[in-house]
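Residues per chain, in single letters:
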Amino acid sequence: EAAIRATLPGAAPISVDTADGEHVVHVGVPSVHVLAGLRGAVLSGEFDATLSQALNQALTLSTAEPAVGDAVTLRGLVKRPALNGSAGEVLSVGEAGGRCLVRLSDGSRLLAQPANLALRVEAKVDRSESAAQFEASAAALDTLTPHQQQALAELQAGAGAEQDLHLRAPAGAGK
């Protein structure tokens, strides 16, 4: 969650649900300004890239054995340091000396110790769902909360028909 929070603007509350092997992140956006900024980042693909980078920096396979099919990034190679940061996929585990056979993105293969593999994840925002949530959030801004309705009714009752009303709210209040 720390990696997710680091990529979000402001101090947005989040919750994470896991279903069918996917993690769904729900973000509570504190203001219209933050909502618009997040929407722009989602639509441009910037949010996906930033979140993927943050997650990849936070996750490692140091406490778990890699499995066939895992997407990994090579790290800490001493004999071939130029390959550090290369992306690959685990083809087999338990090779000579407990190494894993990894196919790199260029098609070459390499035997690597599990400690030299970092789990690689790719975050993908469902842009359709994000757009639907944005529209629902924006539409909600047209509706006054019960508290706001009560305050407006009190102002209207005390103001009389001849007076104009001017309501003020702090920046980012959304209403």
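Residues numbered from 1 in each chain as written. Predicted model: local features only at pLDDT ≥ 70, side-chain atom pairs only at ≥ 80, totals over all residues. Heavy atoms only, no water.

Attention now goes to the overall build of the chain. Looking only at helices and strands, the chain features 5 helices and 7 strands. Secondary structure of the chain in N-to-C order comes out as α-β-β-α-α-β-β-β-β-β-α-α. Within the structure as shown, the chain displays about 11,500 Å² of accessible surface, and the carbon and sulfur contribution to it stands at 53%. (Helix = DSSP H or I, 4+ residues; strand = E, 2+ residues; numbered from the N terminus. Areas by Shrake-Rupley, 256 points an atom, 1.4 Å probe, with all protein chains shown as cover.)

Turning to the environment of phenylalanine 134, a few remarks are in order. Positionally, phenylalanine 134 belongs in helix 4 (residues 127-140). Residues phenylalanine 134 and leucine 38, spaced 96 residues apart in sequence, show a C-alpha to C-alpha distance of 9.5 Å. For phenylalanine 134, the contacting residues outside a window of four places in its chain are Leu35 and Arg39. (Contact = heavy atoms within 4.5 Å.)

For the rest of this paragraph, the subject is the pairing of strand 4 (residues 87-92). By the bridge criterion, 3 bridges tie strand 3 (residues 71-74) to strand 4 in an arrangement that is antiparallel. Residue pairing for strand 4: alanine 71 is matched across the bridge by glutamate 89. (Pairing = 2+ DSSP bridges.)

The next thing to look at is the pairing of strand 5 (residues 100-104). Residues of strand 5 alternate between two faces, with Cys100, Val102 and Leu104 buried on one and Leu101 and Arg103 left unburied on the opposite face. As judged from the 4 bridges shared by strand 4 and strand 5, these two strands associate in the antiparallel manner. If you follow valine 90 over to strand 5, its bridge partner there is valine 102. With 4 bridges joining them, strand 5 and strand 6 (residues 109-112) adopt antiparallel strand pairing. Within strand 6, the residue paired with leucine 101 across the bridge is leucine 111. (Buried < 20%, exposed > 50% of the residue type's maximum accessible area, 1.4 Å probe, protein only.)

Take the sheet that holds strand 7 (residues 117-119) next. Backbone hydrogen bonds are what pair the strands of a sheet, in a parallel or an antiparallel way. Here 5 strands make up an open sheet; going across it, the order is 6-5-4-3-7 and the pairing antiparallel. The sheet is open, and its two borders are formed by strand 6 and strand 7, each paired with just one other strand. With direction set aside, neighbouring strand axes in the sheet form an average angle of 45°. (Axes fitted to C-alpha atoms, helices over the stretch in contact; angles between N-to-C directions.)

Another aspect to go through is the pattern of salt bridges. One pass over the structure, following the stated rule, counts 2 salt bridges. Of the charged contacts in the structure, one is a salt bridge between aspartate 48 and arginine 127, with a shortest N-O distance of 3.3 Å. Linking aspartate 48 in helix 3 (residues 46-58) with arginine 127 in helix 4, this pair joins segments that are 79 residues apart in sequence. Between glutamate 89 and arginine 103 there is a salt bridge; the shortest N-O distance is 3.0 Å. A residue pair is termed long-range when its members are at least 10 positions apart, and glutamate 89 in strand 4 and arginine 103 in strand 5 qualify at 14 residues. For arginine 103, a relative accessible area of 31% puts it in the partly exposed group. (Salt bridge = Lys/Arg side-chain N within 4 Å of Asp/Glu carboxyl O.)

To continue, consider the nonpolar core. In summary, soluble globular proteins display a tendency toward joint burial of nonpolar side chains. The biggest cluster of nonpolar side chains holds 11 residues, and these are Val72, Leu74, Leu77, Leu83, Val90, Cys100, Val102, Leu104, Leu110, Ala112 and Leu117. Of all the secondary structure elements, the ones that give two or more residues to this core are strand 3, strand 5 and strand 6. In terms of residues, this core owes the most to one element, strand 5, which gives 3 residues. Of all hydrophobic cores here, the second largest spans 10 residues; its members include Leu8, Leu38, Val42 and Phe47. (Core = buried A, V, L, I, M, F, W, Y, C linked by side-chain atoms within 4.5 Å.)

In this section: the side chain of aspartate 70. Residue position: aspartate 70 is located in the loop between helix 3 and strand 3. The buried charged residue aspartate 70 lacks any salt bridge, with arginine 120 as its nearest oppositely charged partner at 10 Å. (Lys, Arg positive; Asp, Glu negative; His and termini not counted.)

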